[in-house]
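Observations on the three-dimensional arrangement
The primary structure of each chain is shown beneath.
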Amino acid sequence: MAKANEFGEPVELEAEGRAVTVTNPDKVLFPKIAATKLDLAQYYLAVGEPLMRWIRNRPVLLERYPNGVGQKSFFQKRIPESAPDWLTTTTVQTINGTPSRALVIADLAHVIWAANMGVLGLHVWQYTADKPQWSDELRIDLDPSPGQTFDDIREAAMLVRLYFAEHGIRSYVKTTGSKGMHIYVRVVDGFDSFAVRGASVVIARDLADQHPDVFTAEWWKELREGKVFVDFNQNAPHKNVFGAWGVRPRVGAQVSTPIEWDEVMSVDPDALTLRTVPDRYAETGDPWHDIDDHPQDIGPFVERFADQIADGVPDAPWPPVYPKMPNEAPRVQPSRARKTE
């Protein structure tokens, strides 16, 4: 950790009417592009409007890199009692029922406070703090298999868009800041995270059935056979994912960037960085500007999942950190299961 003022005198920034101090502002967090802690804070100020439109009032898990990319990092689940008294927090729980005091992004000042803590990753819950009973995001995470390129992800994303359009569902897309893409559907109130995950299992299976050369819904990596995995478990209860407009802890400071659907086939995700995204936003605006205006009813997918369970089709495997779930298929790697037969 840096000593007091080791990397410059503190700088005071204003975020939505609140003054937030950035200490050691000249501390380099991204050595390859010489981007400092102050650069990170100023980036979030530049994209504050679209960022807050999407993240406001959501709990987050903090991924901290106190000494920058390439150095030791850790996830901070609990906000310490010594934090400023103006921070908004809420109690979140793991699927096992373990509570923790998490930061709620009540305004942009909370984001700047996190940036000052060396946070290079806001991992966002799928609900707002005032309505934790309803999961208002359905997330389609397109995960490439070994040997695949980003062009495979482009093709898969466009097929997901077509699938949703055929079902009358409005969807939004962003780069992940890494190798994949995320597709989001804003969901009407009334569905908890178990229901949303069930809907995503149905969607993953549909895509794999309709485009078997492109998609797989197989949880086990050894069964994916070079196809794009539709990761339904990104919708599991209390699952948080890397948020839109967030700067990734990568050497190039890539940003998980909302894009227009007509950009999918041409976008270069590595070019969307802390340095370039503010100008892009200033020129083209927010592709997700109306996401909250069009919440979608996913009831038909939820009902189909329930019908599949009733017909004896097992639930897809859950992540290993979750307890065994009712109706879940055996949670054992297929190759290991064969060895024990």
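Here's what I pulled together on the structure shown here. Fair warning: this is a prediction, and the values are worked out from it, not measured in the lab. (Residues numbered from 1 in each chain as written. Predicted model: local features only at pLDDT ≥ 70, side-chain atom pairs only at ≥ 80, totals over all residues. Heavy atoms only, no water.)

Overview of a negative patch on the surface
A cluster of acidic residues, Asp 297, Glu 303, Asp 307 and Asp 311, forms a negative patch at the surface. Examined against the element boundaries, Glu 303 turns out to sit in helix 7 (residues 299–310). (Patch = residues over 30% accessible without salt bridge, like charges linked within 9 Å, V, L, I, M, F, W, Y side chains within 5 Å. Areas by Shrake-Rupley, 256 points an atom, 1.4 Å probe, with all protein chains shown as cover. Salt bridge = Lys/Arg side-chain N within 4 Å of Asp/Glu carboxyl O. Lys, Arg positive; Asp, Glu negative; His and termini not counted. Charge placed at Lys NZ, Arg CZ, Asp CG, Glu CD. Helix = DSSP H or I, 4+ residues; strand = E, 2+ residues; numbered from the N terminus.)

Examining the packing of aromatic side chains
Within this structure, the stated rule accounts for 13 aromatic pairs. Note on Trp 54 and Tyr 184: the rings are 6.2 Å apart at their centroids and 75° apart in plane angle, and the pair reads as edge-to-face. Of the two residues, Trp 54 sits in helix 2 (residues 48–55) while Tyr 184 sits in strand 12 (residues 181–186), which places them 130 residues apart along the sequence. Each member of the pair Trp 54 and Tyr 184 is classed as buried. Between the aromatic rings of Tyr 184 and Trp 288, the centroid separation amounts to 5.3 Å while the plane-to-plane angle is 45°, which identifies the pairing as tilted. Of this pair, Tyr 184 sits in strand 12 while Trp 288 sits in the loop between helix 6 (277–284) and helix 7, placing them 104 residues apart in sequence. Each member of the pair, Tyr 184 together with Trp 288, is buried. The residue whose ring lies beneath Arg 224 is Phe 229, and the NZ or CZ to ring-centre distance is 3.8 Å. Directly above the aromatic system of Phe 242 lies the positively charged group of Arg 248, at a separation of 4.1 Å from the ring centroid. (Phe/Tyr/Trp six-rings, centres within 6.5 Å; stacked < 30°, edge-to-face > 60°. Buried < 20%, exposed > 50% of the residue type's maximum accessible area, 1.4 Å probe, protein only. Lys NZ or Arg CZ within 6 Å of the ring centre and 35° of its normal.)

Here's the deal with helix 5 (residues 193–210)
Given 3.6 residues per helical turn, the α-helix brings residues three or four places apart onto the same face. Between its first and last C-alpha atoms helix 5 spans 25 Å; for 18 residues at 1.5 Å apiece the expected length is 26 Å, and the two agree. Across the 18 residues of helix 5, 14 count as buried, placing the element largely inside the fold. If you check the start of helix 5, you find a side-chain oxygen 3.2 Å away from the backbone N of Phe 194, and it comes from Asp 192. (Expected span 1.5 Å × (residues − 1). Polar contact = N/O pair within 3.5 Å; in protein donor to acceptor, adjacent residues only side chain to side chain.)

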